[in-house]
Amino acid sequence: MTTTLNDLFEDDLDLPDPVAQQRYARLVGLDHVKARLAREAELIMQPDLLREWSLRAHGTVLPAVERLADRPPLIIFAGDVGTGKTTLAETFADAIARRHGIDVRVKRLSLRARGTGAVGEMTRLIGTAFDVVLDEARAVGSARPTILVIDEADALAQSREASQMHHEDRAGVNALIRGISQLATEAPGALVIMCTNRIGALDPAIRRRAAAEFDFARPDEAQRAALLQSLFEGITLSSEDLTLLVDLTGPNGRGYGHTYSDLVDRVLAASCMAAYPEHPITAELIAEQVRSCPPTPPFTTRS
Ligand SMILES: Nc1ncnc2c1ncn2[C@@H]1O[C@H](COP(=O)(O)OP(=O)(O)O)[C@@H](O)[C@H]1O
Ligand SMILES: [Mg+2]
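- Per an unreviewed UniProt entry, the protein chain goes by ATPase family associated with various cellular activities (AAA) and derives from Amycolatopsis pretoriensis.
- Recorded in UniProt for the protein chain, the comment headed Sequence similarities (unreviewed entry) runs: "Belongs to the AAA ATPase family."

Below is the structure:
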């Protein structure tokens with residue numbers, strides 16, 4: 001079975017989009033990341049903004065600005081599972097699209113793009129994927145920037161230093177680097193976001209090239225409190241209730257607490273299911289569900 005062009009990408013996401021806006025707004029505890037990301041991404045996606053500022057502020061486009069514009073258009077999201085990397089990568093540009101009154105297309109490289117392992121296949125697939133993105137980006141220019149999301153990027157850009165690295169994977173990493181450089185020179189406004197749960201497994205040559213790297217972690221106490229309040233809005237939780245739930249979803253001697261995803265996707269559903277159809281959701285009932293939905297263990301590095 002060979003991978004065809006149609007299998008290379010998931011469906012495109014065109015922004016602005018109300019669903020993306022809501023998914024973005026529901027991400028809790030990431031305000032700091034959201035703010036810094038918006039600045040970094042905006043300058044890559046709208047390179048003229050920096051030039052215009054330089055002209056305003058200095059009467060000329062400073063060499064520093066040209067250099068900044070030459071950075072590879074690559075941003076890395078690294079961190080634990082279930083902490084919002086994929087969701088943020090797919091939705092953050094909604095805010096940028098709205099602010100600047102532009103359209104943004106999010107293209108998501110499919111995990112199938114890894115191919116079947118046949119010699120030369122992964123390199124060819126990555127090359128083809130970047131060709132598609134380049135063609136589209138060239139056609140529309142920075143008026144409609146393209147974002148290429150490469151999720152689980154460590155699967156594609158595994159460290160060339162990993163001992164059992166196959167020659168084929170190394171060629172794949174080189175194809176990725178080539179694709180990103182080509183985007184930089186030929187498609188101003190295009191941006192690549194790579195997400196990984198295993199930053200250590202990502203090739204150092206790729207990491208070195210990134211314009212920015214963002215770290216994602218499990219929610220701390222304040223973030224769990226904010227998330228629980230937002231998830232169970234409409235249910236009266238006393239401050240004692242909230243303290244108990246925040247505590248129950250913390251590390252409790254395990255070394256790791258619940259992920260955002262554990263709370264959003266599992267505890268919430270379990271609580272509704274346990275209450276429906278006869279009972280209301282109460283703090284006690286939520287606590288019971290937390291106890292029976294232990295946190296997902298961190299991704300352990302296999303190398
Ligand atoms: N910071 C967050 N705030 C609220 N919900 C979150 C957050 N991070 C993740 N989620 C939810 O958890 C689920 C998994 O998130 P995802 O973006 O796939 O995480 P990752 O890619 O880091 O594994 C989604 O339903 C998402 O909405
Ligand atoms: Mg993910």
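On we go from here.
## Some thoughts on the environment of Asn6
- Mapped onto the elements, Asn6 comes out in helix H1 (residues 5-8).
- Linking Asn6 and Ser110, residues 104 residues apart in sequence, is a C-alpha distance of 9.8 Å.

## With respect to helix H11 (residues 221-231)
- Along H11, the residues that are buried comprise Arg224, Ala225, Leu227 and Leu228.
- Check the buried side of H11 and you find it contacts helix H12 (239-248) and helix H13 (260-275).
- Two or three places before Ala222, at the start of H11, stands the capping residue Asp220, its side-chain oxygen 3.2 Å from that residue's backbone nitrogen.

## A look at the packing of H11 against H13
- Between H11 and H13, whose axes approach to 11 Å, the crossing angle comes to 30 degrees. What the angle tells us is that H11 and H13 run roughly parallel. Crossing handedness for the pair H11 and H13: right-handed. Where H11 abuts H13, its residues Gln223, Leu227 and Leu231 lie against Tyr260, Leu263, Val264 and Leu268.
- Here the contact of H11 with H13 is built from residues that sort into six nonpolar, one polar and no charged.

Reading the values: rules and limits
- Residues numbered from 1 in each chain as written.
- Chains lettered and ligands numbered in written order.
- Predicted model: local features only at pLDDT ≥ 70, side-chain atom pairs only at ≥ 80, totals over all residues.
- Heavy atoms only, no water.
- UniProt positions renumbered as here; feature names shortened; annotations may be inferred.
- Helix = DSSP H or I, 4+ residues; strand = E, 2+ residues; numbered from the N terminus.
- Buried < 20%, exposed > 50% of the residue type's maximum accessible area, 1.4 Å probe, protein only.
- Contact = heavy atoms within 4.5 Å.
- Polar contact = N/O pair within 3.5 Å; in protein donor to acceptor, adjacent residues only side chain to side chain.
- Axes fitted to C-alpha atoms, helices over the stretch in contact; angles between N-to-C directions.
- Parallel < 35°, antiparallel > 145°, perpendicular 65-115°, else oblique.
- Left-handed = near helix turned anticlockwise from the far one by under 90°.
- Nonpolar A, V, L, I, M, F, W, Y, C, P; charged D, E, K, R; others polar.

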